[in-house]
Amino acid sequence: MITIKTPEEIEKMRATSRLAAETLRMIESHVKPGTTTDTLNDICHQFIVDNGAYPSPLNYRGFPKSICTSVNQQVCHGIPGDRVLRGGDIINVDITTTLDGFHGDTSKTLFVGKPTPKGSKIVRVAKECLDLGIRVLRPGGHIGDIGDVIERHAKKNRCSVVREYCGHGIGRQFHEEPSVLHYGIPGSGAEIRPGMTFTIEPMINLGKAPIKHMPDKWTVVTKDHSLSAQFEHTILITETGYEVLTDLDGEYV
């Protein structure tokens, strides 16, 4: 069941999404060679708690940390630990906050030091895929419209879309309906209506699409060891279009 948010709930979504975005912005300066992913986790955890919120991933279905850190060929759900970041790495930092009973979710793939040509390409394409998925949103459109433009752009750049994971409705629950696939057919899927809040978060691989799970049962990696990048925003559908709740810079106005 897709929940349509009330004006009061929308204000709470704005607040938690803003905090998630502020946490992500705060941690960017700490992403540098020599830093461990556990250090990033600890800094984010403290920042979220200090702002009166709770890190949604912590203990969610047994996840042991407060953020996800996915490096290079790791597609998603990387568990922070003693891994030391090196120059040339790319890392997706995924932040979700719970504030006043509502969740806000955002992620960004960052360069560690000077980017490599392959890293630059996959990060660029993944960001472009997210942007295209957002720009197609409109009341009366359909969820399939989002996946269509994302998949076509990835293929045009000789990249692939991970199919096993998708965006999702979000609000009182971390994951709600609808599922937002990053591939699809225009005009298919749920109708996009004002008051809906959901994430778009395409995971784009530089190589082929197949993935596999690591023994920790959380970390997902590309089967061919190619680089993977992801960007994510939480979005509100309005009467006239959309509002990107995790956009601090007015990029989508």
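Cut-offs used in this document
Residues numbered from 1 in each chain as written. Predicted model: local features only at pLDDT ≥ 70, side-chain atom pairs only at ≥ 80, totals over all residues. Heavy atoms only, no water. Helix = DSSP H or I, 4+ residues; strand = E, 2+ residues; numbered from the N terminus. Rg over C-alpha atoms; globule rule 2.2 N^0.38 Å. Buried < 20%, exposed > 50% of the residue type's maximum accessible area, 1.4 Å probe, protein only. Expected span 1.5 Å × (residues − 1). Contact = heavy atoms within 4.5 Å. Axes fitted to C-alpha atoms, helices over the stretch in contact; angles between N-to-C directions. Parallel < 35°, antiparallel > 145°, perpendicular 65-115°, else oblique. Left-handed = near helix turned anticlockwise from the far one by under 90°. Nonpolar A, V, L, I, M, F, W, Y, C, P; charged D, E, K, R; others polar. Pairing = 2+ DSSP bridges. Polar contact = N/O pair within 3.5 Å; in protein donor to acceptor, adjacent residues only side chain to side chain. Salt bridge = Lys/Arg side-chain N within 4 Å of Asp/Glu carboxyl O.

(A) Geometry of the overall build of the protein chain. Summing up its helical and strand segments, the protein chain has four helices and 15 strands in all. In terms of C-alpha radius of gyration, the protein chain reaches 17 Å, essentially the compact-globule figure of 18 Å for 253 residues. With respect to the three principal axes, the spread of C-alpha positions in the protein chain is 45 × 45 × 35 Å. Expressed as a percentage of the 253 residues in the protein chain, the buried residues total 55%.

(B) Structural context of helix α1 (residues 7-28). When the terminal C-alpha atoms of α1 are compared, their 32 Å separation across 22 residues agrees well with the 32 Å that a helix rising 1.5 Å per residue should span. Buried residues of α1: Glu 9, Ile 10, Met 13, Thr 16, Ser 17, Leu 19, Ala 20, Ala 21, Thr 23, Leu 24, Met 26 and Ile 27, and no others. Looking at the packing, one finds that the buried side of α1 touches α2 (37-50), β4 (90-99), β5 (102-111), β9 (197-200) and β14 (233-237).

(C) Region of interest: the packing of α1 against α2. Contact pair α1 / α2: the axes reach a minimum separation of 10 Å and the direction vectors enclose 140°. When the axes of α1 and α2 are compared, the pair comes out oblique. When you trace α1 past α2, the crossing you get is right-handed. Residues Leu 19, Glu 22, Thr 23, Met 26 and Ile 27 of α1 form the contact with α2, whose own contacting residues are Leu 40, Ile 43, Cys 44, Phe 47 and Ile 48. Residue composition of the contact of α1 with α2, grouped by class: eight nonpolar, one polar and one charged.

(D) Geometry of the sheet that holds strand β3 (residues 74-76). The strand order across the open sheet formed by three strands is β3-β12-β11, and the pairing between neighbours is antiparallel. Looking at the sheet topology across the chains shown, the edges are occupied by β3 and β11 (211-213). Along the sheet, successive strands turn relative to each other by an average axial angle of 40°, direction set aside. Of the strand pairs in this sheet, β3 and strand β12 (residues 220-222) are connected by two bridges, and their pairing is antiparallel. Paired with Gln 74 across the bridge in β12 is Val 221.

(E) View of the sheet that holds strand β10 (residues 203-205). Reading across from one edge, β6-β10-β13 is the order of the three strands in this open sheet, with antiparallel pairing throughout. Edge strands, defined here as strands with exactly one partner in the open sheet, are β6 (160-161) and β13 (228-230). Judged from the two bridges that link them, β6 and β10 form a sheet pairing that is antiparallel. Following the sheet pairing, Val 161 is matched in β10 by Ile 204.

(F) Representation of unusual backbone geometry. In this structure, the amide linkage connecting Glu 177 to the following residue, Pro 178, adopts the cis form with an omega of 5°. Looking at the secondary structure, you find Pro 178 in strand β8 (residues 176-180). Within the chain, Asn 59 stands out as a residue other than glycine whose phi angle is a positive 70°. Examined against the element boundaries, Asn 59 turns out to sit in the loop between β1 (54-55) and β2 (68-71). Judged by relative accessible area, Asn 59 falls into the exposed class, the value being 54%. Here Arg 61, not a glycine, exhibits a phi torsion of approximately 55°, which is positive. Tracing the chain through its elements places Arg 61 in the loop between β1 and β2. Its relative accessible area of 69% is what places Arg 61 among the exposed residues.

(G) Broad picture of the environment of Ser 188. By the secondary structure assignment, Ser 188 is in the loop between β8 and β9. On the basis of relative accessibility, which here comes to 28%, the residue Ser 188 falls in the partly exposed class. With 59 residues separating them along the chain, Ser 188 and Asp 247 place their C-alpha atoms 27 Å apart. Non-local contacts of Ser 188, meaning those with residues more than four positions away in its chain, are made with His 142, Ile 143 and Gly 144. At 2.5 Å, the side chain of Ser 188 forms a polar contact with the backbone oxygen of Ile 185.

(H) Molecular detail of the pattern of salt bridges. Tallied over the entire structure, the rule returns 14 salt bridges. Residues Arg 172 and Glu 9 are paired through a salt bridge, measuring 3.4 Å at the closest nitrogen-oxygen approach. Separated by 163 residues along the polypeptide, Arg 172 in the loop between β7 (167-169) and β8 and Glu 9 in helix α1 bring together distant segments of the chain. Since its relative accessible area comes to 49%, Arg 172 is described here as partly exposed. The partner of Glu 151 in a salt bridge is Lys 155, and the shortest N-O contact between them spans 3.8 Å. Placement of both Glu 151 and Lys 155 in helix α4 (residues 143-156) is noted, with a separation of four residues, approximately one turn of the helix. Judged by its relative accessible area of 13%, Glu 151 falls in the buried class. What emerges from the salt-bridge pattern is a single network uniting Glu 11, Arg 14 and Glu 243.

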